[in-house]
Amino acid sequence: MIVEDEPALAAVMKDYLVAAGMEADVLTEGGTAVETILETRPDLVILDIMLPGKDGLAICREVRAVSDVPIILETAKVEEIDRLLGLELGADDYICKPFSPRELVARVKAILRRLDRQGASATAAEAADDAIVLDPDRWLATLGGRSLDLTRREFDLLYVLYKRPGRVFSRAQLLELAFPDDTDVFDRTIDSHIKNIRHKIRALDPDRASIRSVYGVGYAFDR
Ligand code: CA
């Protein structure tokens, strides 16, 4: 998905991506970009910063809050990249205008290759038919293909643990990582969310112990 308000530039980018064997859609304004990206779920987003409707920084933040889709931000000046990095927007790469379309295609391919490798190892672990699988694009958690019916907060919490199986997180770390913007979530809330998640997992698989309590420390997820 190309979000770029200069039609000529967008057309060149699209041509090069298509010539490299990819499909590309173009959005020329920012106002509907977040909805369109979340609905159409592209494999990658190339996002201009200066856009009519809504700027690329806001779009990047809003998409990143709910999706891991790779994002390449186009900037107008190279000095801006440092400032953007400081904003922790969660973009995967930055490309400075004017850029060569070849360079762009190379960056896109590099990101997609990296994701393919990660996906391949995750798929191996998820191939088991009783696997717990979390899809952040759809906020969908399944056990053996059946939905766990997690609330949004339960999903966010489990997703932090799930992304790093085996690693122990303290309640404070879980609060910070799963609910960075919520001031009404406390340590005790973590315990009650964990209790609910375990209950939902056991409802589908009574013998399943996926979230391990580490006494005095916190919790870990075991595949
Ligand atoms: Ca622009």
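Since this is a predicted model, take the numbers as computed values, not measurements.

Cut-offs used in this document
- Residues numbered from 1 in each chain as written.
- Predicted model: local features only at pLDDT ≥ 70, side-chain atom pairs only at ≥ 80, totals over all residues.
- Heavy atoms only, no water.
- Donors = N, O, S within 2.8 Å, 3.2 Å for Na, K, Ca; no water.
- Helix = DSSP H or I, 4+ residues; strand = E, 2+ residues; numbered from the N terminus.
- Buried < 20%, exposed > 50% of the residue type's maximum accessible area, 1.4 Å probe, protein only.
- Phe/Tyr/Trp six-rings, centres within 6.5 Å; stacked < 30°, edge-to-face > 60°.
- Lys NZ or Arg CZ within 6 Å of the ring centre and 35° of its normal.

Visitor: Is there a simple way to think about the coordination of the calcium ion in this case?
Guide: Protein coordination at the calcium ion comes from D5 (OD), D48 (OD) and M50 (O), with a distance range of 2.1 to 2.3 Å. Mapped onto the sequence, the donors of the calcium ion take the spacing D-x42-D-x1-M. A residue pair is termed long-range when its members are at least 10 positions apart, and D5 in the loop between strand 1 (2-3) and helix 1 (7-19) and M50 in the loop between strand 3 (45-48) and helix 3 (56-66) qualify at 45 residues. For D5, a relative accessible area of 28% translates into the label partly exposed. For M50, a relative accessible area of 63% gives the class exposed.

Visitor: Can you help me understand the packing of aromatic side chains in this one?
Guide: Applying the stated rule across the entire model yields three aromatic pairs. Measuring from centroid to centroid gives 6.2 Å for Y159 and Y162, while their planes differ by 25 degrees, and the two rings are stacked. Taken as a pair, Y159 and Y162 lie in helix 6 (residues 152-163) at a separation of three residues, close to a single helical turn. Overall, Y159 belongs to the buried group, its relative accessible area being 14%. A connected cluster of aromatic rings, assembled from ring pairs, spans F155, Y159, Y162 and F221. Over the ring of F179 we find R153; its NZ or CZ atom is 5.9 Å from the centre of that ring.

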